[in-house]
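Single-letter residue listing:
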Amino acid sequence: MSHAMKAVIPAAGLGTRFLPATKAMPKEMLPVVDKPAIQYVVEEATRAGIEDILIIIGRNKNNLSNHFDSVPELEQNLREKGDEERLAKVQQSNELADIHFVRQGEPKGLGHAVLRARAHVGDASFAVMLGDDLIDERDGLLAEMIAQHERRGATVIALMEVDPEAIHLYGAAAVEPTDEPDVVRVTGLVEKPASEDAPSNLAIIGRYVLTPEVFDILERTEPGKGGEIQLTDALQELAADSAGPGVYGVIFRGRRYDTGDRLDYIKAIVQLAVDREDLGPELRPWIKDFAANL
Ligand code: UTP
């Protein structure tokens, strides 16, 4: 599977929930087992057939761009030692896709970060994938979103049922059913609502397939919640436009890890590591023993 759709990965947030680790390093570079979070996201994009990726970078940009570049002295060292296995690991991230970078300048919000992709994306639909939001590779999501986009010609967002008490941490969607299970029409969106004001417990998670109309809307979107230019506010405008193709949601019921949150980050590492052939066999009994003594 291969198509011309480009992906945009915003990675220019301040990552304040993860300070001090994110003082000199973007949170998207935090290792999840042995790969930075963002590499999982790039791999997910390539599995969905995307070959061109634009990463929106902020301060500490060098960390990120170096990771997707070659490191001749390290590669030479491993080659001389005959360590082909580690050499392949080092080279893997430079060979994944055609990766580009653009700076956000100031972190004025996710909507503002997405707008920075306009020149690179042009007049075409594109995917947005948050670099700290991991979708387990065993549970496909993006390919289904792209298929829905192609069928309906509309913006498609990913939704996940969350505990109503937690909806204030997300954008929330008001929805209507469609003729397909787990595909809904989005009638309204609100960023980080109080739980009593939330239209549902369907939370927006970090995968989007957007049409280029979103750029014009983002150009005039005023700062919203938290003083930031919110992508959710621009999508609400598309959802409310009865003349347009509207916004659809794919409800995701698989495994998702929010590595920008400390507790979820720890859980992600444990969940991914226990399933790994190289680590799981030793880790699983250790966890059982550890838990038994808690
Ligand atoms: P978050 O709200 O999770 O990121 O943004 P944050 O602001 O870095 O996190 P905390 O709350 O301070 O810990 C969601 C995504 O949007 C990107 C972030 O990098 C993250 O992938 N983002 C956010 C930008 O690229 N630019 C921004 O101005 C804001």
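Just above sits the structure.
A brief report on the enclosed structure follows. (Residues numbered from 1 in each chain as written. Predicted model: local features only at pLDDT ≥ 70, side-chain atom pairs only at ≥ 80, totals over all residues. Heavy atoms only, no water.)

**Notes on the pattern of salt bridges**
It is possible for side chains bearing opposite charge to pair when their charged atoms get close. The condition is simple: Salt bridges are counted wherever a side-chain nitrogen of Lys or Arg sits within 4 Å of a carboxyl oxygen of Asp or Glu. Strands here are runs of E lasting at least two residues and helices are runs of H or I lasting at least four, both read from the DSSP assignment and numbered beginning at the N terminus. The cut-offs for exposure are 20% and 50% of the maximum accessible area for each residue type, with area from a 1.4 Å probe on protein chains only; residues under the lower value are buried, those over the upper are exposed, and the others partly exposed.
Under the defined criterion, the tally for this structure stands at 22 salt bridges. A salt bridge links glutamate 180 to arginine 152, with the shortest nitrogen-to-oxygen separation between them at 2.6 Å. Pair noted here: glutamate 180 is in the loop between β9 (171-177) and β10 (183-191) and arginine 152 is in helix α7 (residues 142-152), with a separation of 28 residues, a long-range link. On the basis of relative accessibility, which here comes to 22%, the residue glutamate 180 falls in the partly exposed class. Using a relative accessible area of 23% as the deciding quantity, one classes arginine 152 as partly exposed. Two residues, arginine 185 and glutamate 176, come together in a salt bridge whose shortest N-O distance is 3.4 Å. By relative accessible area, which is 29% here, arginine 185 ends up partly exposed. By relative accessible area, which is 36% here, glutamate 176 ends up partly exposed. Each of Asp136, Arg138, Asp139, Arg255 and Asp275 takes part in salt bridges that share partners, so that together they form one network.

**So, the environment of serine 70**
To keep it simple, the criterion reads: Any two residues having at least one pair of non-hydrogen atoms within 4.5 Å are treated as being in contact.
Note that serine 70 resides in the loop between α2 (61-67) and α3 (72-81). Counting along the chain gives 25 residues from serine 70 to glutamate 95, while the straight-line C-alpha distance between them is 9.1 Å. Once residues within four sequence positions are removed from consideration, serine 70 is found in contact with Glu75 and Asn94.

**Examining the nonpolar core**
What counts is decided by this rule: Take the buried residues of types Ala, Val, Leu, Ile, Met, Phe, Trp, Tyr and Cys, join any two whose side-chain atoms come within 4.5 Å, and each joined set is a nonpolar core.
Core analysis: the largest hydrophobic core is formed by 41 residues, its most contacted members being Ile53 and Ile55. Here this core gets six residues from one element, more than from any other, and that element is helix α1 (residues 37-47). Not counting residues within four places of it along the chain, the set of residues in contact with isoleucine 53 comprises Ala7, Ile9, Val42, Ala45, Ala97, Asp98, Ile99 and His100. Within the second largest apolar cluster, 34 residues are counted, among which are Ile56, Ala173, Ile204 and Leu210.

**Some points on the site of the ligand**
The test is simple: The rule for a residue being near a molecule or strand is that one of its heavy atoms must lie within 4 Å of it. Polar contacts, as used here, are pairs of N or O atoms within 3.5 Å; protein pairs need one atom able to donate a hydrogen and one able to accept it. Residues neighboring in sequence count only if both atoms are side-chain atoms. Computed with the Shrake-Rupley method and a 1.4 Å probe, the accessible areas treat only the protein chains shown as cover for residues. In this classification, Asp, Glu, Lys and Arg are treated as charged, Ala, Val, Leu, Ile, Met, Phe, Trp, Tyr, Cys and Pro as nonpolar, and every other residue, Gly included, as polar.
Lining the immediate environment of the ligand, one finds 19 residues, of which Gly15, Thr16, Glu28, Gln104 and Gly109 sit closest. The backbone of alanine 12 places a nitrogen or oxygen atom 2.9 Å from an oxygen atom of the ligand. Within the backbone of glycine 109, a nitrogen or oxygen atom sits 2.7 Å from an oxygen atom of the ligand. Burial of the ligand by the surrounding chains reaches 86%, relative to a free accessible area of 580 Å². The class makeup of the residues in the shell around the ligand is eight nonpolar, six polar and five charged.

**Here's the deal with the packing of α3 against helix α4 (residues 84-92)**
Test applied: Here an axis means a line fitted to C-alpha atoms, over the contact stretch when the element is a helix, while the angle between two N-to-C directions is reported on a 0 to 180 degree scale. Small angles under 35 degrees read as roughly parallel and large ones over 145 as roughly antiparallel, with 65 to 115 read as roughly perpendicular and the rest as oblique. Put simply, a crossing is left-handed when the front helix is turned counterclockwise from the back one by less than a right angle, and right-handed when it is turned clockwise.
Across the interface, α3 lies against α4 with an axial gap of 8 Å and an inter-helix angle of 160°. Considering the angle they form, α3 stands roughly antiparallel to α4. Relative to α4, α3 is oriented so that their crossing is left-handed. Across from Leu74, Glu75, Leu78 and Arg79 in α3, the residues of α4 making contact are Arg86, Leu87, Val90 and Gln91. Taken together, the residues that form the contact of α3 with α4 break down as four nonpolar, one polar and three charged.

**Section: a nonpolar patch on the surface**
As a reminder of what qualifies: Patches in this entry comprise residues that are over 30% relatively accessible and not in a salt bridge; like charges within 9 Å are linked, as are nonpolar side chains (Val, Leu, Ile, Met, Phe, Trp, Tyr) within 5 Å.
Where nonpolar side chains cluster on the molecular surface, the patch consists of Trp286, Phe290 and Leu294 and spans about 400 Å² of accessible area. Residue position: phenylalanine 290 is located in helix α11 (residues 280-292). Phenylalanine 290 sits in the partly exposed class, given a relative accessible area of 45%.

**Describing the environment of glycine 15**
With respect to the element layout, glycine 15 can be found in the loop between β1 (6-11) and β2 (31-32). A relative accessible area of 10% means that glycine 15 is categorised as buried. Counting along the chain gives 13 residues from glycine 15 to glutamate 28, while the straight-line C-alpha distance between them is 8.8 Å. The residues contacting glycine 15, other than those within four sequence positions of it, are Thr22 and Lys27.

**Some points on the pairing of strand β11 (residues 202-210)**
Both faces of the sheet carry side chains from a regular strand, because those side chains alternate between them. This is how the line gets drawn: Any two strands between which DSSP finds at least two bridges are classified as paired.
The element β11 is extensively covered by neighbouring structure, given that nine of its nine residues are classed as buried. With four bridges joining them, strand β6 (residues 126-129) and β11 adopt antiparallel strand pairing. Note on β11: the bridge partner recorded for phenylalanine 126 is leucine 210. The pairing of strand β8 (residues 155-161) with β11 spans six bridges and is antiparallel. Note that in β11 the partner of valine 156 across the bridge is valine 209.

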